[in-house]
Amino acid sequence: MSRRFLFILGSHRGNGNTELLAHEAAAHLPADVEQQWISLAEHPLPDFDDLRHGAGDPSRPEEGNHGLLLDATLAATDIVIASPVYWHSLSSHTKRYLDHWTSWMYVPGLGFRAAMAGRTLWGVTTSAGGLPWIAEPLVSTVNNWAAFMKMNFGGVLRGIGTAPGDVLQDTEALARAKTFFAQDAPPARFPGGCTRPEPDAESAA
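Quantities reported herein were computed from a predicted structural model and do not represent experimental measurements.

A. Main features of the overall build of the protein. When its secondary structure is counted, the protein shows six helices and five strands. Counting over 205 residues, the protein shows a buried share of 49%. A fraction of 81% describes how many contacts in the protein between residues 6 or more apart in sequence connect residues 24 or more apart. About 9,800 Å² of surface is accessible on the protein, with carbon and sulfur atoms providing 54% of the total.

This is the structure we're talking about:
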């Protein structure tokens, strides 16, 4: 499969700092790498409905935003979670998208988790001020999600920005963006390098 990047834009506003930083990094991808960009604000998902443990089996979404995002996710070799830091973590749009991965794992015959194994999960984020620890819960979430899905983890590109366009003044982030997607993306590991037995996806909800 040739490389295909899916950029999931999780900001609650268009053309925000995280999206700008993601575009800066994407501009340095090879010309033959396909890119698909989906704004979750423009393509909102329904609330996640947990149908596990006897509540029924979810069906494969075929239409609308839900079908679009599932098909785009399955088609991607590399998925970029581009979410600003909202209260130290992912935006609600982004969290809802990832919650739906749980239901996709339970669609009969889809094999979603097996299909994601070996693909690569990346992150791009921006936050106000120069305090790197503010983004740590977001970084941990993306890393642990990748580890749970047995994906590779390319890390999280971080920038500083409050008002729209501020990140374009963050020269360090812009410099990192030039080579961000060219770096190695090893198999994701939980903190401390620990592994887990095969779960029933309880912790992914």
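There is more to say, and it comes next.
B. How the structure looks around the side chain of Ser127. By the secondary structure assignment, Ser127 is in strand β4 (residues 120-127). Setting aside anything within four residues of it in sequence, one finds Ser127 in contact with Val85, Ile134, Gly159, Ile160 and Gly161.

C. Local environment of the nonpolar core. Ranked by size, the top nonpolar core spans 39 residues in total, and within it Ile79, Tyr97, Trp101, Phe112, Leu121 and Met149 carry the most contacts. Residues contacting Ile79, with those up to four places away along its chain left out, are Leu6, Ile8, Thr73, Tyr97, Trp101, Met116, Thr120, Leu121, Trp122 and Met151. Ranked by size, the runner-up nonpolar core spans 21 residues in total, among them Ala22, Leu29, Leu157 and Phe180.

D. View of unusual backbone geometry. The backbone of Asn15 sits at a positive phi, close to 60°, despite the residue not being glycine. Structurally, the position occupied by Asn15 is in the loop between β1 (4-9) and α1 (17-26). Unusually for a residue other than glycine, His88 sits at a positive phi of about 75°. In this structure, His88 sits in the loop between β3 (78-82) and α3 (92-105).

E. Main features of the pairing of strand β5 (residues 152-160). Of all nine residues in β5, seven are buried; the element is thus mostly enclosed. This β-α-β element, β4 to helix α5 (residues 136-148) to β5, shows right-handed connectivity.

F. Up close: the environment of Thr102. As for its position among the elements, Thr102 is in helix α3. Between the C-alpha atoms of Thr102 and Phe48, which are 54 residues apart in sequence, the distance is 8.9 Å.

G. Inspection of the packing of aromatic side chains at higher detail. For the coordinates displayed, the defined rule picks out 13 aromatic pairs. Judged by centre distance (5.3 Å) and plane angle (70°), the ring pair of Trp104 and Phe112 falls under edge-to-face. For the pair shown, Trp104 and Phe112 are each scored as buried. The structure contains a cluster of three or more aromatic residues connected by ring pairs, namely Phe5, Phe7, Trp37, Trp122, Phe180 and Phe181. If you follow Arg113 out to its NZ or CZ, it ends over the ring of Phe148, 4.6 Å from the centre.

H. Up close: the pattern of salt bridges. Under the defined criterion, the tally for this structure stands at four salt bridges. With a shortest N-O distance of 2.9 Å, Arg3 and Asp78 are connected by a salt bridge. With Arg3 in the segment before β1 and Asp78 in strand β3, the pair connects residues that are 75 residues apart, well separated along the chain. By relative accessible area, Arg3 is classed as partly exposed at 36%.

So, how was this worked out
- Residues numbered from 1 in each chain as written.
- Predicted model: local features only at pLDDT ≥ 70, side-chain atom pairs only at ≥ 80, totals over all residues.
- Heavy atoms only, no water.
- Helix = DSSP H or I, 4+ residues; strand = E, 2+ residues; numbered from the N terminus.
- Buried < 20%, exposed > 50% of the residue type's maximum accessible area, 1.4 Å probe, protein only.
- Contact = heavy atoms within 4.5 Å.
- Areas by Shrake-Rupley, 256 points an atom, 1.4 Å probe, with all protein chains shown as cover.
- Core = buried A, V, L, I, M, F, W, Y, C linked by side-chain atoms within 4.5 Å.
- Right-handed = clockwise from strand over helix to strand, strands pointing away.
- Phe/Tyr/Trp six-rings, centres within 6.5 Å; stacked < 30°, edge-to-face > 60°.
- Lys NZ or Arg CZ within 6 Å of the ring centre and 35° of its normal.
- Salt bridge = Lys/Arg side-chain N within 4 Å of Asp/Glu carboxyl O.

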